[in-house]
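Chain by chain, the residues run as shown.
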Number of protein chains: 2
Amino acid sequence: MARAIIAGAGALPGLLLQAGPAHIVRLAGVENDPLDAPDIPARFERFGALFADLRAAGVKDLAFAGALSRPAFDPALMDPVTMALMPRVAGAMAQGDDALLRVIAEIFEEQGFRVIGALDLRPDLTAAQGPISGTPTDAQVRDAARARSVLDALGPLDVGQGAVAAKGQVIGIETLQGTDAMLRFVGVSLPGSGGVLVKRPKPGQDLRMDTPVIGPATVMKAAEAGLSGIEIAAGSVLVLDRDAVETACEASGISLWAAA
Amino acid sequence: MARAIIAGAGALPGLLLQAGPAHIVRLAGVENDPLDAPDIPARFERFGALFADLRAAGVKDLAFAGALSRPAFDPALMDPVTMALMPRVAGAMAQGDDALLRVIAEIFEEQGFRVIGALDLRPDLTAAQGPISGTPTDAQVRDAARARSVLDALGPLDVGQGAVAAKGQVIGIETLQGTDAMLRFVGVSLPGSGGVLVKRPKPGQDLRMDTPVIGPATVMKAAEAGLSGIEIAAGSVLVLDRDAVETACEASGISLWAAA
């Protein structure tokens, strides 16, 4: 049985391809990198065509890789399958990213596909509990706990995967705009805070569909925002290019660790 | 018995003075407007001196008015009373604004003063449930409910008094940096969102110490950030200069309403 990767932006599709051969589904309007694998072009407006193309390619397992930004959607291009799905998709869109992704996973599973997660394919890219680069100070551990308390409280509301605290105060909470936008806000509104970014899945989030990731760019952006540390969830945040992440931590003085 | 107003920035000290004669406590490093009332100069480092000056002026009732930003603090200037209070104040500072303000109120009350709130002095500045300018659409009411759910969830954590949602998505959550910084973030990261700002006290917050306020500037900043509406809590958010607020709403197309 063949596998397909629904490719979003960034390095994740390529890293999942390293786990074994797969078709790469490229959705119109979603940027992604060239990869040495057979392409399946697709459109958000034409789910019916995508289901048929996946079956024709013998695909059973589907992995979602990387951010699928909410694209422009041209109703005139919809095929009948997509039209029939629209009420469910539109209803879910109004409830947040998690709800939308959960419905999309359900739809593919009803069509007989199996949705697998990036964590299933590359568990080796997660971090075990403990320091990754440097060792967090007691103050950093306290700030991480404060930021984590915000993420825990917001968990059922499907808001964001990241928060920043500094000196006991919450100074950034991720919203729809994502982690990078939050880091820019923190850097502009409170330069040199020395805060700690916590990045972890939302409680109850479908990890197959929207796996939290950090990479060297995350570390650099945290450093540029004046932070001093990053805590990720052990076992459920993907570290893209760990060598480069550690080098970026050393170069910028960011401590990075994984917590239960 | 005389009254004193601990003056922070903005129009609130003057509005409280309209409720009756009072001394104006001006803390070094805190900006505030000139007012036609006797001054009591003070310093954060010299609580002992402030207690003595308040007693000498016959002050019994104390009202806190406007934001007291966390000022520079010079330990060399501390009087013995302040030194003795420092462990409590420092412990509270690490826990958030609410905790700090609660401890400050406690300290004044232990000294025999009565801490009264801006809402006690000027209940006429709050809004009754219902439209204030324009009428919210169903979509705006839904976005307000979404933003409110975030504030409710974060309530016990003492984070912020404001949140923004647009089209069902949370796009801004107030942190230490305050409402204006959040509005700038929303405007820069998601221009033209048409979102709704919800401003209400944190559940369990001591309203005497940190009354949420909106004024014409709030309306203009919300409009500049691309929002379409503002919901405030009926009876517990002060509307500074209601005529100017309504004019700003009309000029900018912002709907403003108060909800239970």
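Residues numbered from 1 in each chain as written. Chains lettered and ligands numbered in written order. Predicted model: local features only at pLDDT ≥ 70, side-chain atom pairs only at ≥ 80, totals over all residues.

Asker: Would you explain the overall build of chain A in this entry?
Answerer: Within chain A, the regular secondary structure consists of nine helices and 13 strands. Against the 2.2 N^0.38 benchmark of 18 Å for 260 residues, chain A shows a C-alpha radius of gyration of 19 Å, consistent with a compact globule. If you line up chain A on its principal axes, its C-alpha atoms span 55 × 35 × 30 Å. In chain A, which comprises 260 residues, the proportion classed as buried is 47%. Relative to all contacts within chain A whose residues are 6 or more apart in sequence, the contacts with residues 24 or more apart total 71%. (Helix = DSSP H or I, 4+ residues; strand = E, 2+ residues; numbered from the N terminus. Rg over C-alpha atoms; globule rule 2.2 N^0.38 Å. Buried ≥ 20, exposed ≤ 12 C-beta atoms within 10 Å, placed from the backbone. Contact = placed C-beta atoms within 7 Å.)

Asker: So what exactly am I meant to see when it comes to the sheet that holds strand 8 (residues 169-173) of chain B here?
Answerer: Adjacent strands of a sheet form backbone hydrogen bonds with each other and so pair up, either parallel or antiparallel. Residue and element names in this part refer to chain B. The six strands lie next to each other as 6-13-11-9-7-8, forming an open sheet whose pairing is mixed. A single partner strand is all that each edge strand has here, and the edge strands are strand 6 (130-133) and strand 8. Direction aside, neighbouring strands of the sheet carry axes that sit 25 degrees apart on average. As paired strands, strand 7 (residues 162-166) and strand 9 (residues 196-199) are joined by four bridges and run antiparallel to one another. Paired with alanine 165 across the strands is valine 196, a residue of strand 9. (Pairing = 2+ DSSP bridges. Axes fitted to C-alpha atoms, helices over the stretch in contact; angles between N-to-C directions.)

Asker: Explain the nonpolar core to me, please; I cannot follow it from the model alone.
Answerer: Side chains of nonpolar character tend, in soluble globular proteins, to be buried together. Counting 155 residues, the largest nonpolar core has Ile5(A), Val164(A), Ile5(B) and Val164(B) as the members making the most contacts within it. Apart from residues lying up to four places away in sequence, Val164(B) is in contact with Ala147(B), Ile171(B), Gly172(B), Met182(B), Val186(B), Gly195(B), Val196(B), Leu197(B) and Leu227(B). (Core = buried A, V, L, I, M, F, W, Y, C linked by C-beta atoms within 7 Å.)

Asker: In this structure, what is going on with the interface of chain A and chain B? I would like to understand it.
Answerer: Often, the extent of an interface is quoted as the loss of accessible area on bringing the components together. With 22 residues of chain A at the interface, the matching set in chain B holds 22 residues. Among the elements of the structure, helix 6 (138-154), strand 8 (169-173) and helix 7 (179-189) of chain A are those that each provide at least two residues to the side of chain A that touches chain B. The dominant element in the side of chain A that touches chain B, judged by the number of residues it contributes, is strand 8 of chain A, at five residues.

Asker: Help me understand the pairing of strand 3 (residues 39-42) of chain B, please; the structure alone is not making it clear to me.
Answerer: Residues and elements named next belong to chain B. Residues Ile40 and Ala42 of strand 3 are buried on one face, while the alternating residues Asp39 and Pro41, pointing to the opposite face, are not. Where strand 2 (residues 23-27) and strand 3 come together, four bridges link them in parallel fashion. Bridging across to strand 3, isoleucine 24 finds its partner in aspartate 39.

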